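Inside the fold
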Amino acid sequence: DTTKLIPKDVPLDSLVIIGLETNKFGKWVAEGRSFSRLAVDAKDEASVEKALEHVCNTCAQVMEEVKKEVGGGKVVCIVQECAELPAYTNGLRKRFDLPVYDTLTAINFVKMGRGFGGHSGFMM
């Protein structure tokens, strides 16, 4: 339900949601393959390098589609919701020079709230 996740003042047509389930990476995840191996050690084609390649290529393809929109759309960040994807966050950041948010950045954001001292912004 988008009304619970997206603020009301954000136009829904400004968001592009893509799924990786149709590319090789998504199929490998569905098959339960391991991405903890480099290509040199992989027993099949599902290596870390190939997984990153498929994730990056899918993002690049969507970014090209966004640029072709009327008025020349622009991607300003990438938000990943899958627990499989944080391993590829830095690769995406480096390739596209964009902020990339994933489950680890969300966890770190929540943890920050516990790290502040006993001071408060309220004055009595």
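Bear in mind the structure is a predicted one, so any value in this text is a computation, not a measurement. (Residues numbered from 1 in each chain as written. Predicted model: local features only at pLDDT ≥ 70, side-chain atom pairs only at ≥ 80, totals over all residues. Heavy atoms only, no water.)

For the coordinates displayed, the defined rule picks out 6 salt bridges. The shortest N-O distance in the salt bridge between Arg-33 and Glu-45 comes to 2.8 Å. With Arg-33 in the loop between α2 (24–30) and α3 (48–67) and Glu-45 in the loop between α2 and α3, the pair connects residues that are 12 residues apart, well separated along the chain. Among the residues examined, Glu-45 registers a relative accessible area of 40% and is labelled partly exposed. (Salt bridge = Lys/Arg side-chain N within 4 Å of Asp/Glu carboxyl O. Helix = DSSP H or I, 4+ residues; strand = E, 2+ residues; numbered from the N terminus. Buried < 20%, exposed > 50% of the residue type's maximum accessible area, 1.4 Å probe, protein only.)

Moving on to the side chain of Ser-47. Mapped onto the secondary structure, Ser-47 falls in the loop between α2 and α3. Using a relative accessible area of 2% as the deciding quantity, one classes Ser-47 as buried. Separated by 3.2 Å, the side chain of Ser-47 and the backbone nitrogen of Lys-50 make a polar contact. Those residues within four positions of Ser-47 in sequence are excluded, and the remaining contacts are Phe-35, Arg-37, Leu-38, Ala-39 and Ala-42. (Polar contact = N/O pair within 3.5 Å; in protein donor to acceptor, adjacent residues only side chain to side chain. Contact = heavy atoms within 4.5 Å.)

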